[in-house]
Amino acid sequence: DNYTGKGIKVGIVDTGILNMNHPAIKNNIIGGWNFSLDRKKKNDVSGNVWHGMAVASVITSIAPDVEIVVAKVLDYFGEGTPRITAQGIRYCIEQHCDIINCSVAGVKDRELEKAVKEAIEAGIIIVASSGNSGDDKKYYPACYEGVITVGAMDKEGKRANFSTHNEFVDIL
């Protein structure tokens, strides 16, 4: 009940932050880097897609004192590569994050798997999206060993029809 997130650092590997001055998150963001394909400025983690902003808002609504590090790995169209995602994860490791939220669903890649292993070996908890294909396809980093894989729920608390579902999903 009294947990506020004080002393916890969360890395958000996603689209960037739509509104860096939003009152729900502006005091929580302590740094970030733009690894995306559309980077104009490497230290500009502002985004034009809502997803990273939504993730940050959910996290701060649960843990209002948490510190957030942003690794923008997806461009305006939500596109990225496994190698860019690996760079974002490694950035979060360098920033000494306690938890990494990775809302990216891509193909299996050796470099991405190595970055996930490095994070886990550093004691970092990795939470990743199962994907949004609505089938049982395997997406990464969610399907790597040691990753907590999260699917989506609908309003009734059941698996959303778009949520990827396979043996790797740990939580809806």
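It should be noted that the structure appears before, not after, this text.
So, here's what we can say about the structure.

Looking at the environment of Ala86
Stage number 1. If you trace the backbone, Ala86 turns up in helix H2 (residues 82-94).
Stage number 2. C-alpha of Ala86 to C-alpha of Gly123: the two residues are 37 residues apart in sequence and 17 Å apart in space.

Considerations on the environment of Val169
Stage number 1. By the secondary structure assignment, Val169 is in strand E7 (residues 169-171).
Stage number 2. Residue Val169 is classed as partly exposed on the basis of its relative accessible area of 22%.
Stage number 3. In sequence terms Val169 and Glu67 are 102 residues apart; their C-alpha atoms lie 27 Å from each other.

Let's talk about the environment of Lys117
Stage number 1. Tracing the backbone shows Lys117 in helix H3 (residues 110-121).
Stage number 2. Classification of Lys117 as partly exposed rests on a relative accessible area of 45%.
Stage number 3. Expressed as a C-alpha distance, the spacing of Lys117 and Tyr144, which sit 27 residues apart in the sequence, is 8.6 Å.

Section: unusual backbone geometry
Stage number 1. Between Tyr140 and the following residue, Pro141, the backbone shows a cis peptide bond with an omega angle of 20°.
Stage number 2. Mapped onto the fold, Pro141 is located in the loop between strand E5 (125-129) and strand E6 (148-150).
Stage number 3. One non-glycine residue with positive phi stands out, namely His96, at about 60°.
Stage number 4. Judged by relative accessible area, His96 falls into the exposed class, the value being 62%.

Criteria and thresholds
Each chain carries its own residue numbering, running from 1 in the written order of its sequence. Local features are withheld for residues below a pLDDT of 70 in this predicted model, meaning they are given only at 70 or higher, and side-chain atom pairs are given and counted only at 80 or more; totals for whole chains, interfaces and linings count all residues. To obtain the side-chain values, all non-hydrogen atoms of the structure were used and water was disregarded. Only DSSP runs of H or I reaching four residues or more are called helices, and only runs of E reaching two or more are called strands; each is numbered from the N terminus. Whether a residue is buried, partly exposed or exposed follows from its accessible area with a 1.4 Å probe, protein chains only, as a fraction of its type maximum: under 20%, in between, or over 50%, in that order.

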